[in-house]
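# A structural walkthrough
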Amino acid sequence: MSDYTLDDLRVVMQDSVGVDESVDLSGDIADVAFADLGYDSLAVLELANQVQRAVGVPIADEPALEATSPGAFVACVNQALTEAGS
């Protein structure tokens, strides 16, 4: 499988239930804190669950919560994909 990208994550984020529609996800969000995008820890865990279903590999809760921005979260997903492939 190819790397998971910020655009892949952006699609999941835009389709998430309960997302604050006033938050603009179309710009450069890679280094924006999830809190500034309206995501609390529960929302990040739900995002991890949705991504996990999409990519077919487990995304552990702790690394997902330690990823404080979408860019860091994408790196977390790619690490899980790498580990699953080895």
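Overview of the structure. (Residues numbered from 1 in each chain as written. Predicted model: local features only at pLDDT ≥ 70, side-chain atom pairs only at ≥ 80, totals over all residues. Heavy atoms only, no water.)

### Observations regarding the nonpolar core
Quick note on the threshold: What is meant by a nonpolar core is a set of buried Ala, Val, Leu, Ile, Met, Phe, Trp, Tyr and Cys residues, joined one to another through side-chain atoms within 4.5 Å. Partly exposed describes any residue whose relative accessible area lies between the buried limit of under 20% and the exposed limit of over 50%, with all areas from a 1.4 Å probe on protein chains only and scaled to the type maximum. Numbering of helices and strands starts at the N terminus; helices are DSSP runs of H or I of at least 4 residues and strands are runs of E of at least 2. We call two residues contacting when some pair of their heavy atoms lies within 4.5 Å.
In terms of nonpolar packing, the biggest core is built from 27 residues, with Tyr4, Leu9, Met13, Leu47, Val51, Ile59 and Phe73 touching the most fellow members. When contributions to this core are tallied by element, the ones reaching two or more residues are helix H1 (6-15), helix H2 (41-55) and helix H4 (70-85). Contacts of leucine 9, omitting those with residues within four sequence positions, involve Tyr4, Leu47, Val51, Pro70, Phe73 and Val74.

### Overview of the environment of aspartate 15
Among the secondary structure elements, aspartate 15 is positioned in helix H1. Separated by 28 residues in sequence, aspartate 15 and alanine 43 place their C-alpha atoms 13 Å apart.

### A word on the side chain of arginine 10
On the secondary structure map, arginine 10 appears in helix H1. The buried category is assigned to arginine 10, whose relative accessible area is 12%. In this structure, arginine 10 is in contact with Leu25, Ser26, Gly27 and Ile29, ignoring residues within four places of it in sequence.

### With respect to the packing of aromatic side chains
Our working definition: Between the rings of Phe, Tyr and Trp (Trp by its six-membered ring), a pair exists once the centres lie within 6.5 Å; its type follows the angle of the planes, with under 30 degrees stacked, over 60 edge-to-face, and the other angles tilted.
Taken as a whole and assessed by the stated rule, the structure comprises two aromatic pairs. Judged by centre distance (5.8 Å) and plane angle (55°), the ring pair of phenylalanine 34 and tyrosine 39 falls under tilted. Assigned by exposure class, phenylalanine 34 and tyrosine 39 land together as buried. On the basis of an interplanar angle of 90° and a centroid distance of 6.1 Å, the ring pair of phenylalanine 34 and phenylalanine 73 is categorised as edge-to-face. Taken together, the positions of phenylalanine 34 in the loop between H1 and H2 and phenylalanine 73 in helix H4 put the pair 39 residues apart, joining distant regions of the chain. Looking at phenylalanine 34, the relative accessible area reads 4%, which means it is buried. Connected via pairs of aromatic rings, a cluster forms that spans Phe34, Tyr39 and Phe73.

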